[in-house]
Structure formats: C-alpha cells, structure tokens
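So the chains spell out like this:
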Amino acid sequence: MSNKTACPLDCYDACEIIFDNQKLRGVKEGHTQGFLCPHLNHYEKHATIQTPRYKGEEISLDVALEKLKVMLQSCAKNKILHYRGSGNFALMQEVTDHFFASYGAVLTEGSLCDGAGEEGIKQGRGSNKTMPIHEIAKSEVVVFWGRNPHTTSSHLLPLIKGKTIIVIDPIKTPIARMADLHIQLKPHTDQFLAMLLARFLHIESGYDKEFLQKYASGCEEYYELTQNLRIKAVLEQMDVSLGQLGDFLRLVKDKRAAFVCGVGVQKYHDGADVMRSIDALAAMLGLFGKEGCGVSYLGASRANIASPFYTQSKKVSKVLTEFSSFDTVFIQGANPLSQMPDSNRVRASMERVKNIVYFGLFENETSEVADLVIPAKSFLYKDDVRTSYSHNRISFMPKVAETDAGISEYDLSAYLCREFGIDLQSEEFYINHFKSFAVQKIDGLLYVDKREEIPYANGFDTKDGEFVFLDEIDSKIDENEGLHLITSKSPTSLNSQFHRQESVYLHSSLGFREGEMVSVTSVSGSVRLSVRHNNDLRSDCVLIYSGTKGVNNLTPSKHALSAKSAIFQENKVEVRKWTV
Ligand SMILES: Nc1nc2c(c(=O)[nH]1)N[C@H]1C(S)=C(S)[C@@H](COP(=O)(O)OP(=O)(O)OC[C@H]3O[C@@H](n4cnc5c(=O)[nH]c(N)nc54)[C@H](O)[C@@H]3O)O[C@H]1N2
Ligand SMILES: Nc1nc2c(c(=O)[nH]1)N[C@H]1C(S)=C(S)[C@@H](COP(=O)(O)OP(=O)(O)OC[C@H]3O[C@@H](n4cnc5c(=O)[nH]c(N)nc54)[C@H](O)[C@@H]3O)O[C@H]1N2
Ligand code: SF4
Ligand SMILES: [Mo]
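Please read all numbers here as calculations on a predicted model, not as lab measurements.

Cut-off values and rules
- Residues numbered from 1 in each chain as written.
- Chains lettered and ligands numbered in written order.
- Predicted model: local features only at pLDDT ≥ 70, side-chain atom pairs only at ≥ 80, totals over all residues.
- Heavy atoms only, no water.
- Helix = DSSP H or I, 4+ residues; strand = E, 2+ residues; numbered from the N terminus.
- Buried < 20%, exposed > 50% of the residue type's maximum accessible area, 1.4 Å probe, protein only.
- Contact = heavy atoms within 4.5 Å.
- Core = buried A, V, L, I, M, F, W, Y, C linked by side-chain atoms within 4.5 Å.
- Pairing = 2+ DSSP bridges.
- Axes fitted to C-alpha atoms, helices over the stretch in contact; angles between N-to-C directions.
- Right-handed = clockwise from strand over helix to strand, strands pointing away.
- Near = heavy atom within 4 Å.
- Nonpolar A, V, L, I, M, F, W, Y, C, P; charged D, E, K, R; others polar.
- Patch = residues over 30% accessible without salt bridge, like charges linked within 9 Å, V, L, I, M, F, W, Y side chains within 5 Å.
- Areas by Shrake-Rupley, 256 points an atom, 1.4 Å probe, with all protein chains shown as cover.
- Salt bridge = Lys/Arg side-chain N within 4 Å of Asp/Glu carboxyl O.
- Lys, Arg positive; Asp, Glu negative; His and termini not counted.
- Charge placed at Lys NZ, Arg CZ, Asp CG, Glu CD.
- Domains from an automatic or database assignment.
- Buried area = accessible area lost by both parts, 1.4 Å probe.
- Polar contact = N/O pair within 3.5 Å; in protein donor to acceptor, adjacent residues only side chain to side chain.
- Phe/Tyr/Trp six-rings, centres within 6.5 Å; stacked < 30°, edge-to-face > 60°.

## So, the side chain of Lys 69
Okay, so step 1: Summarising the element assignment, Lys 69 is placed in helix H2 (residues 61-73).
Okay, so step 2: What makes Lys 69 buried here is its relative accessible area of 13%.
Okay, so step 3: Excluding residues that lie within four positions of it along the chain, Lys 69 makes contacts with Tyr 415, Glu 419 and Phe 420.

Dropping the structure here:
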C-alpha cells in the first residue's frame, strides 16, 4: 500500500501527505515543504460518526442502505434532492451525482463560496484561470486583496519572504501587520478603490501601453467611466486617503505584481463587479500573461478534466434551496443548516421534509435533524484524486488505511446503481480516468495536462481576445444604518468542520465587555454570542467567523446580481446587550 496521499479539504493549498505510523505529515516536495496546518496535524483527534442510525437508533450499514433504497422508492423521482457540499474536495465525491442524475432526481447548482467573483472574472477575461502559487513566488510585489493567508493559504507564506507586501482588508490581519502598506478600507468599497486606482494610473500614464493596445483597448472608455466618481466623496466613504492611493501605485507600477484575491471581496450582491474592477486594474497595469504577474483567485479546479459521470438533471439553487418541495433530501459532505445563508428559513424548510438523509463524517446541526445518518469513510480509507483552485497540481489519493466504519461515495453509489439498474463502471475505471489527465513535469511532480502556467499569455478567452471592461457603475456605497458583518474563515475550523468558534469579535471602543452575552441582529434574524475584543477590526465592523453556530441567522436568502452565489456580508447588523 502506498502511504502517500493528499489532504481532501476545501483549501487553496491542496497539500500532499504521508501517512506513516498512524500519523500525517506533509511531503517535502513542492509547496507543502513538510508542513501541514492545524486541521490535518490533529485530523485523527476529531471523532467521526461510526455507526449509522435511523430516527435516533443505531442500525447496521446494510439496514441503513436498505432504508435509503426504500426512501428513494417511496417518492416520485422529481421529489428527491441530492444536495452535495464541499466538505471533501476530491473528484470521486461526484460519483453520487451520477447515480442521482441517472435516476431522475434533482441536483443543485450555484455557489455558497466564490461564485460572484468567478462570474466577474469570466465577464472580463472569458474564463477563470488562476495565477498558480509558484508564479506568485516570482513576483516582486504581492497584494493580498480580501485574502487572509495566515489562515487560509499558509503555504504561500514561505514563498513571499522579502517581497513588497500590500494588504487591502478591513481587518488588520497578520499579513497586514507585516505589510509595507495596509489599506484598512470600509468593507464593500473595493470596487470604488479599484476604479479610483485605475483612474489615477491613467492620469499618471502609468499603464502598460503595449499590452493595453493589444488586449485591453477598451481602457479609454473605462477611464471615462471612472471619471464619474467624485474623488473626495468616495475617498471619505471608503475611509481611504489620497496618499494611500499614491503609495499603492508607487509600489506596484512597473513591478512584477500579483493580486492575491480571496472570497472576502465578493460576498455582496455586486460581488461580480467588485472582482471585475480589481481585474480591470490588473489589466491596466499589464499584469496578465507575464511571468510573476497576474491575479490569483479561486481558479477553476476542474479545468481540462472531463467528468466521467452523468450529471444532466433538473437543478435548484444551492443558495435558495426550498427543501420543503422535496420528500427525500440526501445531503452529502455538507452542513446546510450551518453554512447556507438564512438558517431560520433553511430550518423551517427542512422541518417539512419527510426523509432527510445525512451522509458525512462529523456530527453537526444537519446530522442532528436527519432521519437517516450514514457515516462516510474519510479520505484515508478510500481511493481518490484531487486538484486545486490555486495551483495546477493533481494529486493521487490512494487508500492508505483500512476501517470497517462508514462507506465510501463509490461503494454507496455502486449499491444504489445495482439496486436501481443503473450503469456504473468500476472504481478503478474512474480513478484511471482522472489519473489520465496527469502529466509529469521537469520538477518530477504531477500536473493537470495542458494548463497554461502563465495564463492569458496569448490574450484573453473572450470573443476577440480582449479584456471586457465594465461599462456601467451599478453599485453605490452602502450607507445604510448598522455595523458591517464580516464572516471570514476561522483559523480553528474549516467552515463547520473541526473546532468551531463561539464568539462575536468587536472593537473595544463599542463599549461591550469581554465575555458578556450580546445579541447580534439583522433584518434576517439574530444570534446570541459572547463578546471577545479585537482591536484589529475597524470599529464599524463585527466579525463572526464562518462555522460559528448561528452566524447564518443573520445572512439573507438572496443571490448575487449576476450569479447564483450567496452574499454573506450584505446585511448590516446591530449589537445589543443580551437581556433575558
Ligand atoms: N482555516 C481555514 N481555512 C480555510 C477555510 C476555513 O474555514 N478555515 N475555508 C476554505 C474555503 S471554503 C474558502 S472559500 C477559502 C476562503 O479563504 P479567503 O479567500 O482567505 O476568505 P475569507 O477568510 O472569507 O476572507 C478573506 C479576507 O477578506 C477580508 N474581507 C472581508 N470583507 C472584505 C471586503 O469587503 N473587502 C476586502 N478587501 N476584504 C474583505 C476578511 O477580513 C479576510 O481577512 O478558505 C479555505 N480555507
Ligand atoms: N456566514 C458564512 N457562511 C458561509 C461561509 C462564510 O464565509 N460565511 N463560507 C461559505 C463557503 S466559502 C463554503 S465553501 C461553504 C462550505 O459549507 P459546507 O460545504 O457545508 O462545508 P462544511 O461546513 O465544511 O461541512 C462539510 C461536511 O462534510 C462532511 N465531510 C467531510 N469529508 C467528507 C467525505 O469524505 N465524505 C462525505 N460524504 N462527507 C464528508 C463533514 O461531515 C462536514 O460536516 O460554507 C459557506 N458558508
Ligand atoms: S493547508 Fe489546506 S490543504 Fe494543506 S493540510 Fe491544511 S487544510 Fe489541507
Ligand atoms: Mo469556500
């Protein structure tokens, strides 16, 4: 048995791992450099579900599978929903889509994650190819724009030592402390910042003329669009100074620069326009198609990998799912009761479902309400292959250990396909299919074949190869009453897996005591949490990490304007002392 596999978690780094003596450690090669993060260092300490149960009573796996079969038989096919999350990011998770789609059930579409930003990127560039982390290593300047690398991409840190660092984030994150320039702007003002920077760049003729003529000739009109912004008023609304704009341009101009963007900038109704204006600034600086330059967002991890699974089906939005329209809901690798927006609506909608099935590793809000709980096998106990959204590596994930508990996605699908007469190839067939997209490069490591290491070197993937600039400003700075809710990723959890936080973080100047209970309220609902002080926050911001129980009571059941993507930071909130 090989003892080399890869971390399955939904994380930029996609590290490769050695399983040795019941312990996990990072491989020495590539960006992992022998180190894993706290989630994987303590992976085996998190108790997984061992035994299936039905209506609270423990049952055997055979009985659980039989129950699942009867549930599926007992309702119309279009009354069955398959809801799959991203608790495990490897490719064989999708084998269940094959069964449910072939059977005639309903699947989901849209995104709880990066969908709005991705849409903006596609509108500008025609595709969403990321700047891989090894290219960032060649940059002179790295701009962290709504990304918190100490928490969400720690393997990037050794690669950026000695570089000029700029951070654009409403929170003084650890990377902001180390930065040459930190613009601690008001949340949800990035589009205006990017547009003002583009305008000043144009005024100073700091842009890359040759690149613009060839690939971004719409920039003159875009410059005119930026002239609609009233500089003084907008600076005030963003809480940014003219000097900071000057500093940014001085540090970035004529340098090999990477904009490392995260989901933080786009959790808003106009998230697509935000990413598109950040991209536009990068285009005007000529940062595409050159070594050590570019924009790194969550790129398309599946690019150039054909799916072997049948997935044609009716689909409903992952953000607004009306669970009550279904009789049987099969939830896999997800905790929608915590991670979807508008938890009160989700709970009410789920309460009306006859059969809820939870297929996952850990107990959580969703396993608690499920009628049937089927434990999954973790990545250590099944064969898989994974890719990443921040680099072009492909990692094989063979089974490295044995367990009797749980069932793999493939085995569960094989059972259902057999019982319902649906074709399915062998597990090996699918694994080999995915492996066939791997190619070994000169460094000895495996990469997804035919991906450009420096994307857009020959122009953009739009119709005429040119960047498509925004032609209208549809957004306004949000001046509604209330505090901004920031719900970024926690260092101690991976969304709702592992150690989940239990506090709301506030600037001490707001006058709440450390440890006191408060209620945080928005138009969608409220949550009761204990206070912790954090003076790295702006005083107009409230931080509740993703995965904190109840955080999504505060968030709206709404899509972003141009994508079926959740908008977790749209609602303003109010904080009050909790009184009984
Ligand atoms: N430890 C840990 N790692 C994770 C995860 C986890 O839960 N825990 N989750 C994984 C997943 S699913 C994803 S999608 C990635 C996401 O990882 P990141 O892209 O890093 O996303 P966030 O932590 O949500 O937000 C990043 C930063 O955006 C800032 N921000 C918030 N609002 C704004 C704004 O309006 N403007 C600007 N400029 N900045 C803003 C936040 O303060 C935060 O520092 O991380 C992955 N990695
Ligand atoms: N307020 C707020 N809400 C958010 C976010 C935010 O930033 N703020 N972030 C959003 C983002 S970016 C994302 S990606 C989503 C994530 O939301 P979800 O996709 O719901 O992810 P998790 O909370 O990690 O839950 C995943 C579950 O997958 C199960 N699991 C793990 N491994 C396996 C496996 O191998 N097989 C099976 N069958 N199950 C497994 C575990 O039991 C775990 O409980 O949350 C979104 N929700
Ligand atoms: S950094 Fe990300 S990919 Fe690497 S071990 Fe941790 S969770 Fe897994
Ligand atoms: Mo995500």
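## A short note on the nonpolar core
Okay, so step 1: In terms of nonpolar packing, the biggest core is built from 64 residues, with Trp 145, Leu 193, Phe 248 and Phe 259 touching the most fellow members.
Okay, so step 2: Residue contributions to this core peak at 9 residues, all from helix H8 (residues 190-203).
Okay, so step 3: The residues contacting Phe 259, other than those within four sequence positions of it, are Val 143, Trp 145, Phe 248, Ile 278, Leu 281, Ala 282, Leu 285, Leu 287, Gly 294, Val 295 and Ser 296.
Okay, so step 4: Among the nonpolar cores identified, the runner-up in size contains 48 residues, and Ala 105, Met 397, Leu 412 and Phe 420 belong to it.

## What about the sheet that holds strand E11 (residues 257-261)?
Okay, so step 1: Taken in spatial order, the 5 strands line up as E10-E9-E8-E11-E12 in an open sheet, and their pairing is parallel. Looking at the sheet topology across the chains shown, the edges are occupied by strand E10 (181-183) and strand E12 (294-296). The average angle at which neighbouring strand axes cross in this sheet is 15°, direction not considered.
Okay, so step 2: Examined bridge by bridge, strand E8 (residues 141-145) and E11 share 5 bridges and lie parallel to one another. Across the sheet, the residue bridging to Val 143 is Phe 259, located in E11.
Okay, so step 3: Strands in contact with helix H13 (residues 271-284) are E8, E11 and E12; relative to E11, the strand with the most contacts, it is inclined by about 175°.

## Examining the pairing of E11
Okay, so step 1: The element E11 is largely enclosed, with a buried count of 5 among its 5 residues.
Okay, so step 2: Where E11 meets E12, 3 bridges bridge the pair, whose relative direction is parallel. Paired with Phe 259 across the two strands is Val 295, which belongs to E12.
Okay, so step 3: Traced from E11 through H13 to E12, the parallel crossover comes out right-handed.

## What about the pairing of strand E21 (residues 483-486)?
Note on strand geometry: in a regular strand, side chains alternate between the two faces of the sheet.
Okay, so step 1: Two elements, E21 and strand E30 (residues 572-577), share 2 bridges in a ladder whose sense is antiparallel. Its bridge partner being in E30, Leu 483 is matched across the sheet by Val 573.
Okay, so step 2: Pairing of E21 with strand E27 (residues 541-543) involves 3 bridges; the strand directions are parallel. Following the sheet pairing, His 484 is matched in E27 by Cys 541.

## Thoughts on helix H3 (residues 95-103)
Think of an α-helix as 3.6 residues a turn; residues three or four steps apart then line up on the same face.
Okay, so step 1: Buried residues dominate H3, accounting for 8 of its 9 residues.
Okay, so step 2: Turning to H3, its buried residues are Val 95, Thr 96, Asp 97, His 98, Phe 99, Phe 100, Ala 101 and Tyr 103.
Okay, so step 3: Those residues of H3 that are buried are in contact with H2, strand E6 (80-84), strand E7 (107-109), strand E14 (328-332), helix H17 (409-420) and helix H18 (427-435).
Okay, so step 4: Just past H3, the residue Gly 104 takes up positive phi, approximately 105°.

## Comments concerning the site of ligand 3
Okay, so step 1: Neighbouring ligand 3 are Cys 7, Leu 9, Cys 11, Asp 13, Ala 14, Cys 15, Leu 36, Cys 37, Leu 40 and His 155.
Okay, so step 2: The residue makeup of the shell around ligand 3, split by class, is 8 nonpolar, 1 polar and 1 charged.

## Some words on a negative patch on the surface
Okay, so step 1: Taken together, the side chains of Glu 220, Glu 221, Glu 224, Asp 471, Glu 472 and Asp 474 present a region of like negative charge at the surface.
Okay, so step 2: On the secondary structure map, Glu 472 appears in the loop between strand E20 (446-448) and E21.
Okay, so step 3: Classification of Glu 472 as partly exposed rests on a relative accessible area of 47%.

## Brief notes about the domain arrangement of the protein chain
Okay, so step 1: Taken domain by domain, the protein chain consists of domain 1 (47-111 + 311-448), domain 2 (117-296) and domain 3 (483-577).
Okay, so step 2: Placing the centre of domain 1 and that of domain 2 at their C-alpha centroids yields a distance of 37 Å.
Okay, so step 3: Taken together, the contacts link 4 residues of domain 1 with 4 residues of domain 2.
Okay, so step 4: With both sides pooled, the region where domain 1 packs onto domain 2 buries about 340 Å², and carbon together with sulfur makes up 58% of that total.
Okay, so step 5: Contact with domain 2 buries surface across domain 1, with Ser 390, His 391 and Asn 392 losing the most and accounting together for 79% of the total.
Okay, so step 6: Seen at the junction of domain 1 and domain 2, the total is 0 salt bridges.
Okay, so step 7: Run the count over domain 1 and domain 2 and you get 1 residue pair in polar contact (both at pLDDT 80 or more).
Okay, so step 8: For the side of domain 1 that touches domain 2, the residue count by class is 1 nonpolar, 3 polar and no charged.

## Details of the packing of aromatic side chains
Okay, so step 1: Evaluated as defined, the whole model comprises 28 aromatic pairs.
Okay, so step 2: Aromatic side chains Tyr 12 and Tyr 389 sit 5.2 Å apart centroid to centroid with 75° between the ring planes, which places their arrangement in the edge-to-face category. Here the residue Tyr 12 occupies a position in the loop between strand E1 (4-6) and strand E2 (16-20), and Tyr 389 occupies one in the loop between strand E17 (384-387) and strand E18 (394-397), the gap between them amounting to 377 residues.
Okay, so step 3: When the ring of Phe 467 is compared with that of Phe 469, the centres are 4.9 Å apart and the planes differ by 70°; the resulting orientation is edge-to-face.

## Looking at the site of ligand 2
Okay, so step 1: Taken together, the neighbourhood of ligand 2 is formed by 34 residues, with Lys 382, Glu 409, Thr 487, Lys 489 and Ser 496 sitting nearest.
Okay, so step 2: Contacts to ligand 2 include Thr 487, whose side-chain N or O atom sits 2.4 Å from a nitrogen atom.
Okay, so step 3: A distance of 3.4 Å separates an oxygen atom of ligand 2 from a polar atom in the backbone of Leu 494.
Okay, so step 4: Here the shell around ligand 2 is composed, by residue class, of 11 nonpolar, 17 polar and 6 charged.
Okay, so step 5: Lining the shell around ligand 2 are residues from two domains, each supplying at least three of them: domain 1 (47-111 + 311-448) and domain 3 (483-577).

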